[in-house]
Amino acid sequence: MAKNRGYVRLLYHILFFLKLLIVLKNMDNMLYYMLVMEPVYTAIFYVFSFISVYVQIFFLMTYLEKKRHIVHHPENLELLNYPTVTVAVPCYNEEATIDKTVKSLLALDYPKDKIKIFLIDDGSRDNTWNIISGFDNGENILAFKKENGGKHTALNLALEKSTAEFFGCLDSDSLVHPQALKRILSYFQNDPKTMAVAPSIIVYNPKNILQYAQNVEYDMSVYTKKMLGFMGGIHVTPGPFSIFRKKVFDDLGPYHKAHNTEDQEIALRMQENGYKIDHCPDAYVYTNTPDSVMKLYRQRIRWIYGFIKNLVDYRRLLFKKEYGTVALFTLPSGIVSIIGVIFLSVNIVANIVRFLYHKIIQIQTVGLDSVLSFNYKFDWFFVSTKAVLFLAIILYILVIISVMIGRKMAEGKSGFTFSIFYFIIIYSVVAPFWMMRAIYNAIISKESSWTFERRITK
Amino acid sequence: MNQHEPNDWKKYIIVLFITSSIFISGLWLSNYLSNKKIDQLKSIESSISLDLMSSEVQFALLEELSCKDVSTTVLSSELNSLADKISYSENNIGIENVDVISLKKYYSLLEIKDYLLMKKITERCGQKSIFILYFYKNDNCDECTKQGYVLTDLRQNYPNLRVYSFDYNLDNSAIRAMRSIYKVPDNLPAIVINGKVYSGFKTVEEIEETFPQLESIKVEEVTKPKTSTTNTIKNIINKVDTVVN
């Protein structure tokens, strides 16, 4: 009896093997196309799109798995207790926005005696100091003035002076939602292992197409950030209103300059030491976003430059399984996205150039009139059936799904928005430039400083 | 040091599996649709082959018909659109693809057959037709691309002009025979007009100057309605019917 079962199993294995052979034989034809058509380009494209689809599916699966665990806090959330919190606001030439920022902090729904606000003027040359010193009440709002030394020095000054249990920073171009602090602190109360919580950053009052495009991007990152939070893979604790247990700085030391992206470095340092970072999707922070392509370009050069430089500094983490998701997933996918975007855009540009080149030759040869008089009849035959195209479509669908989930999480709105197209079009055109520039700057180690960027944007 | 949450290897594998399935589906779909296209090309070719045979029968019957009943614009439009599709497939499916190459060879044979038949009809009926045989190659020939534009443009201006294009390097005995009959040099592009070889790129004006006869077919075309293949087949059937009755 047992012997018979053994034969059956053997037969089953043989059949399976034969089936596999047949599948592989058909695959052969398919692989043939892959290998023959512009082999190098196609191979690279497949690798990048595979990884990109993989990343999107990974997020989507995490979402489906953890959807029920996404907490929506009630308006009247009450905490078990109200620990002391210090919020530092570093400013450099922020006279235009600092007033609103401080007022939003004052409007936080939190016991006034438990929260301290430190306003630090990092050597501004405008009216910032006069505005912030006006808020100084000697009790829970204190204003400090120091020599210009960069954002991290302003934050470290606040850290030195802080005695509170929790420490946070708010960039002076951002506003907080009144419930944001309570919602964030509830994460610390629910899990003593949580050492930092990042908020959801939303574009403040978008006015032009560029800001609507950024809105889509920020919405999408609310989703991806929460998913990374579930997986323990957050690699940035953004400047606007990430809250830390003070213990993080006591254990790991103060902020570093970190190529002007101290908010990335501290997160990586925490990940290296196994400190848990979570994300609170309904702790809203509204941030002013660049309103011109040039300003956006400069901001992103700083971000990507910082990412690359911090990645180089923390390269020891990459692909080490003991560092978890950030090492296996977040950082590698960041690298792939930078190289992928550049590769894709170079390819698109090459195609456009090739097309124009042929058109110009055609016009030179037979004249503009005959080129224009060419009557084109639509025929399904001439619709591309390249695999590359299908994969690109799948990828775009996945991106649109991400945006829609993010939009639902960030703004509570469901359905499709045309801003997605602004996002896809504007970012496909401009992102490659800032990525290439950031890589170039990283190679020659040319830093775009916080103060420099502000000088430009103001 | 604190510990990270354990890695969810199962999830990494499941996602890998899902992604691979999506990928294979994409590749399969592409492959499936490309095969559909090749099938479509095959069916076009077989229908053209049928039309050609009809024309040959028509020609055989010529002795019993008067020349004015014979249509002279039998296949050019079908052949041209087939040419477009084949050249598109070369880019889209692959220039080395076995199916595409065989379709191209078959197409070249159809062209030669059409050329021979039309030449006979023209001679027999004394019509003013101009045939251009055009030899090109696919790689490293910018002049060929330009010559292609010129010929397309000429064909638009003179729909009665018959342009037959041949890939000089296509491994086919009939094409080799054509090459040696007309002594086509390997300095491409080369065109053969009414039996004479011209090597190197020729502009529209040059071709028009060399062949003032082109003017006459241009005028002809304005008054003469285009005949489609199906009409031609109907004509043939009608004619055969008349002959039989």
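Residues numbered from 1 in each chain as written. Chains lettered and ligands numbered in written order. Predicted model: local features only at pLDDT ≥ 70, side-chain atom pairs only at ≥ 80, totals over all residues.

**Describing the overall build of chain B**
Note the following rule: To qualify as a helix, a DSSP run of H or I must reach at least 4 residues; to qualify as a strand, a run of E must reach at least 2; elements of each kind are numbered from the N terminus. With C-beta atoms placed from the backbone, a residue is buried if 20 or more other C-beta atoms are within 10 Å of its own, exposed if 12 or fewer are, and partly exposed between those counts. What counts as a contact here is a pair of residues whose C-beta atoms, placed from the backbone, lie within 7 Å.
Counting its secondary structure elements, chain B contains eight helices and four strands. In chain B, the succession of helices and strands from N to C terminus is α-α-α-β-α-β-α-β-β-α-α-α. Counting the 245 residues in chain B, one finds 32% classified as buried. Taking the contacts inside chain B whose residues are at least 6 apart along the sequence as the reference set, 77% of them involve residues at least 24 apart.

**A word on the sheet that holds strand β4 (residues 196–199) of chain B**
Residue and element names in this part refer to chain B. Quick reminder of the rule: Note on pairing: two strands pair once DSSP finds at least 2 bridges between them. Interaxial angle, 0 to 180 degrees, is taken between N-to-C directions of lines fitted to C-alpha atoms, where a helix line uses only the stretch in contact.
As summarised here, the arrangement of the four strands in space is β2-β1-β3-β4, forming an open sheet in which the pairing is mixed. Since the sheet does not close on itself, it has two edges, and those belong to β2 (162–167) and β4, each with one partner. Across this sheet, the average inter-strand angle for adjacent strands is 20°, counted without regard to direction. Two elements, strand β1 (residues 131–136) and strand β3 (residues 190–193), share four bridges in a ladder whose sense is antiparallel. Residue pairing for β3: F135 is matched across the bridge by A190. Its contacts with the sheet place helix α3 (residues 98–125) against β1 and β2, and it is angled at close to 145° to β2.

**Re the confidence of the model for chain B**
As a reminder of what qualifies: Confidence scores here are pLDDT values: one per residue, from the predictor, ranging 0 to 100.
Predicted confidence across chain B gives a mean pLDDT of 77, with 80% of residues reaching 70 or more. With pLDDT under 50 throughout, residues 219–230 of chain B is counted as low confidence; its partners more than four residues away or in other chains account for 13 contacts.

**A short note on the interface of chain A and chain B**
This is how it is decided: Side-chain classes are defined by residue name, with Ala, Val, Leu, Ile, Met, Phe, Trp, Tyr, Cys and Pro counting as nonpolar, Asp, Glu, Lys and Arg as charged, and the others, Gly among them, as polar.
Each partner contributes to the interface: chain A provides 34 residues, whereas chain B provides 35 residues. The set of elements that each furnish at least two residues to the side of chain A that touches chain B consists of α1 (2–36), α2 (39–66), α11 (325–366) and α13 (387–411) of chain A. A per-element tally of the side of chain A that touches chain B places α2(A) first, with six residues. When the residues that make up the side of chain A that touches chain B are grouped by side-chain class, the tally is 21 nonpolar, 10 polar and three charged.

**A word on the sheet that holds strand β7 (residues 243–245) of chain A**
Residues and elements named next belong to chain A. Taking strand neighbours across the sheet as the criterion, the eight strands line up as β3-β2-β1-β4-β7-β6-β8-β5 in an open arrangement whose pairing is mixed. Each edge of the open sheet carries a strand with a single partner, namely β3 (141–146) and β5 (174–176). Averaged over all pairs of adjacent strands, the angle between strand axes in this sheet comes to 30°, irrespective of strand direction. As paired elements, strand β6 (residues 194–203) and strand β8 (residues 276–287) share eight bridges and run parallel to each other. Paired with V197 across the two strands is D278, which belongs to β8.

**As for the packing of α11(A) against helix α4 (residues 142–157) of chain B**
For clarity, the threshold we go by: Note on angle classes: values under 35 degrees are labelled roughly parallel, values over 145 roughly antiparallel, values of 65 to 115 roughly perpendicular, and the remainder oblique. Should the near helix be turned counterclockwise from the far one by less than a right angle, the crossing is left-handed, whereas a clockwise turn marks it as right-handed.
In contact at an axis separation of 9 Å, α11(A) and α4(B) are set at 55° when each is read in the N-to-C sense. Taken together, α11(A) and α4(B) sit at an angle that is classed as oblique. Our pair here, α11(A) against α4(B), has a crossing hand that is right-handed. Residue-level inspection shows I361(A), Q362(A), T365(A) and V366(A) of α11(A) in contact with α4(B), the latter providing T145(B), K146(B), Y149(B), V150(B) and D153(B).

**Some words on the packing of α11(A) against helix α14 (residues 419–444) of chain A**
Residue and element names in this part refer to chain A. Relative orientation of the contacting elements α11 and α14 amounts to 120°, with a least axis distance of 9 Å. Accordingly, the angle class assigned to the pair α11 and α14 is oblique. When the axes of α11 and α14 are compared, the crossing they make is left-handed. Packed against α11, whose contacting residues are I338, V341, I342 and S345, the element α14 presents S428, A431, P432, M435 and M436 at the interface. When grouped by side-chain class, the residues that make up the contact of α11 with α14 number seven nonpolar, two polar and no charged.

**Considering unusual backbone geometry**
Of note, the phi angle at H259(A) is positive, near 55°, even though the residue is not glycine. When you line up the elements, H259(A) lands in the loop between α8 (246–252) and α9 (262–272). Judged by local crowding, H259(A) falls into the buried class, with 23 C-beta atoms found within 10 Å. In the Ramachandran plot, K183(B) falls in the positive-phi region, its phi being about 50° despite a non-glycine side chain. Mapped onto the secondary structure, K183(B) falls in the loop between α5 (173–181) and β3.

**Focus on α11(A)**
Filter applied, for reference: In a helix, the anticipated span is given by 1.5 Å times the number of residues less one.
In this model α11(A) runs 59 Å from its N-terminal to its C-terminal C-alpha over 42 residues, within 8% of the 62 Å that 1.5 Å per residue would give. One or two positions beyond α11(A), positive phi appears at G367(A), with a value near 90°.

**Points about the environment of R298(A)**
All names here are of chain A. In this fold, R298 is placed in helix α10 (residues 293–313). Of the residues examined, R298 has 20 C-beta atoms within 10 Å and is grouped as buried. Residues R298 and R437, 139 residues apart in the sequence, show an inter-C-alpha distance of 9.7 Å.

**Focus on α13(A)**
Here α13(A) spans 36 Å end to end across 25 residues, near enough to the 36 Å set by a 1.5 Å rise per residue. Two residues or fewer after α13(A) comes G412(A), characterised by a positive phi angle close to 70°.

**A few points about the environment of A43(A)**
In this structure, A43(A) sits in helix α2. Note: C-alpha distance between A43(A) and V87(A) (44 residues apart in sequence) is 50 Å.

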